[in-house]
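# Breakdown of the fold
Here's the letter readout for the chains.
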Amino acid sequence: MAGEKNAFSVGSKSYTAVAVNTAARAGEWIKSKLGEFANLDVKTSHHDLVTEVDKGAEAMIKKLILTYFPSHSFLGEEGAEPGADGAIKALEKVREQEYVWIVDPLDGTTNFIHGFPFFSVSIALAHKGEVIVGVVYDPSKDEMFVAEKGKGAYLKGRRMHVSHDARLSESLLATGLPTDKTVNLPANLRGIQALSPQVRNIRIVGSAALHLAYVAAGRLSGFWEIGLNAWDLAAGSLLVTESGGKITDLHGNPYELSTRNVMVSNGMIHDDFRKALDEADAVV
Ligand code: IPD
Ligand code: CA
Ligand code: CA
């Protein structure tokens, strides 16, 4: 249908092509700066860091995207006030807009700072609150994970599928350690303690967006984390659902842009995974 096609393209540039090209350019630039950044700033705590590379990458991404789509809105981590409140307010501001690009220019800053090659560029486009394009790029491995709503998710031209692990005992999970030491970290540690004897193993690798991409690619059976932001999750959420997986909050409610406490899986283990977190009092 001609009308539908036009809704997803401007001139000859599709939203997905712009997302992919922009992620590739930003990712290559970030990789070229590994071990070479000059300024390290502490945001809310010594767990929450930012460099001029995070800011430079976001500026580059914003400029490229808005060149193609000047009427669209842009939500990027570095344009928001630090901390959970800042992230929630920044999302509120753009929520009602028709088209919103949701960007984490460098997901895995701590890894980047330490030269640990597991970080990504995460770019999503939401239309009326629903993610329609999701791209996560890992420049270290040159892996571009791409999803379009209703059209599947792809890596290197091949369709991705979540894993077939049907039981927790066959599963490899990942999580992330929350910065909030009063409620979120203890809850997450209870979850790790309860789940680790039940699964094959648990990884904490330091890029939420890549953890989601790995669930989509079938490399992880599931992932959960407390206290994430829209830019950590938006692109990866579509990768997971377009690969046949499931993403909810920790209570089992469907994912939306405002979801912060998240669990993701191949779908088959979702109920057992959620039950284990619930029984461990790891649900906030
Ligand atoms: C962080 C990473 C990390 C996760 C943190 C995020 P950043 O994002 O995704 O894996 O555990 O919760 O804040 O700060 O590197 O963009
Ligand atoms: Ca992030
Ligand atoms: Ca970031």
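Residues numbered from 1 in each chain as written. Chains lettered and ligands numbered in written order. Predicted model: local features only at pLDDT ≥ 70, side-chain atom pairs only at ≥ 80, totals over all residues. Heavy atoms only, no water.

### Thoughts on the coordination of the calcium ion (ligand 2)
Donor atoms from the polypeptide that bind the calcium ion (ligand 2) are Asp104 (OD), Asp107 (OD) and Asp232 (OD), placed at 2.1 to 2.2 Å. Read in sequence order, the donor residues for the calcium ion (ligand 2) give the motif D-x2-D-x124-D. A gap of 3.8 Å separates the calcium ion (ligand 2) and the calcium ion (ligand 3), which Asp104 links by coordinating each metal. Highlighted residues: Asp104 in strand β6 (residues 99-107) and Asp232 in helix α8 (residues 230-242), separated in sequence by 128 residues. (Donors = N, O, S within 2.8 Å, 3.2 Å for Na, K, Ca; no water. Helix = DSSP H or I, 4+ residues; strand = E, 2+ residues; numbered from the N terminus.)

### A short note on the domain arrangement of the protein chain
When the domains of the protein chain are assigned, the result is domain 1 (2-159) and domain 2 (168-279). Summarising the inter-unit geometry, the C-alpha centres of domain 1 and domain 2 are found 20 Å apart. Taken together, the 45 residues of domain 1 in the interface contact 29 residues of domain 2. Here domain 1 and domain 2 share an interface that buries about 2700 Å² over both sides, 69% of which is from carbon and sulfur atoms. Inspection of the region where domain 1 meets domain 2 yields one salt bridge. Here Arg219 ties to Glu143 by a salt bridge, and the two come within 2.8 Å at their closest N and O atoms. Taken together, the connections running from domain 1 to domain 2 amount to nine residue pairs in polar contact (both at pLDDT 80 or more). Elements represented by at least two residues in the side of domain 1 that touches domain 2 include exactly β5 (73-76), α4 (83-94), β6, β7 (120-127), β8 (130-138), β9 (143-148) and β10 (152-155). (Domains from an automatic or database assignment. Contact = heavy atoms within 4.5 Å. Buried area = accessible area lost by both parts, 1.4 Å probe. Salt bridge = Lys/Arg side-chain N within 4 Å of Asp/Glu carboxyl O. Polar contact = N/O pair within 3.5 Å; in protein donor to acceptor, adjacent residues only side chain to side chain.)

### Focus: the pattern of salt bridges
Counting across every chain of the model gives seven salt bridges. Its salt-bridge partner being Arg95, residue Glu92 comes within 4.0 Å of it at the nearest N-O pair. For Arg167, the salt bridge is made with Glu170, and the minimal N-O distance between the two is 3.0 Å.

### A short note on the side chain of Ser237
Tracing the backbone through its elements, the reader meets Ser237 in helix α8. Judged by relative accessible area, which is 4%, Ser237 ranks as buried. Within polar-contact distance, the side chain of Ser237 engages the backbone oxygen of Ala234 at 2.7 Å. Setting aside its immediate chain neighbours within four residues, Ser237 contacts Val131, Leu212, Ile247 and Tyr255. (Buried < 20%, exposed > 50% of the residue type's maximum accessible area, 1.4 Å probe, protein only.)

### Overview of the site of ligand 1
Near ligand 1 lie 13 residues; those nearest to it are Asp107, Gly108, Thr109, Gly206 and Glu225. For ligand 1, an oxygen atom lies 3.2 Å from a polar atom in the backbone of Leu106. Contact between ligand 1 and Thr109: an oxygen atom at 2.8 Å from a main-chain N or O atom of the residue. When the free accessible area of ligand 1 is taken as 380 Å², the share hidden by the protein chains comes to 80%. (Near = heavy atom within 4 Å. Areas by Shrake-Rupley, 256 points an atom, 1.4 Å probe, with all protein chains shown as cover.)

### Comments concerning the sheet that holds strand β12 (residues 172-175)
Taking strand neighbours across the sheet as the criterion, the five strands line up as β13-β12-β14-β16-β15 in an open arrangement whose pairing is mixed. This sheet does not close on itself; its edge strands, each paired only once, are β13 (201-203) and β15 (246-249). Averaged over all neighbouring strand pairs, the angle between strand axes comes to 20°, with direction disregarded. Both strand β14 (residues 222-225) and strand β16 (residues 262-265) contribute to a ladder of four bridges, which runs antiparallel. Its bridge partner lying in β16, Phe223 is registered against Val264. Here helix α6 (residues 184-195) sits on the sheet and contacts β12, β13 and β14; the angle it forms with β14, its principal contact strand, is near 155°. (Pairing = 2+ DSSP bridges. Axes fitted to C-alpha atoms, helices over the stretch in contact; angles between N-to-C directions.)

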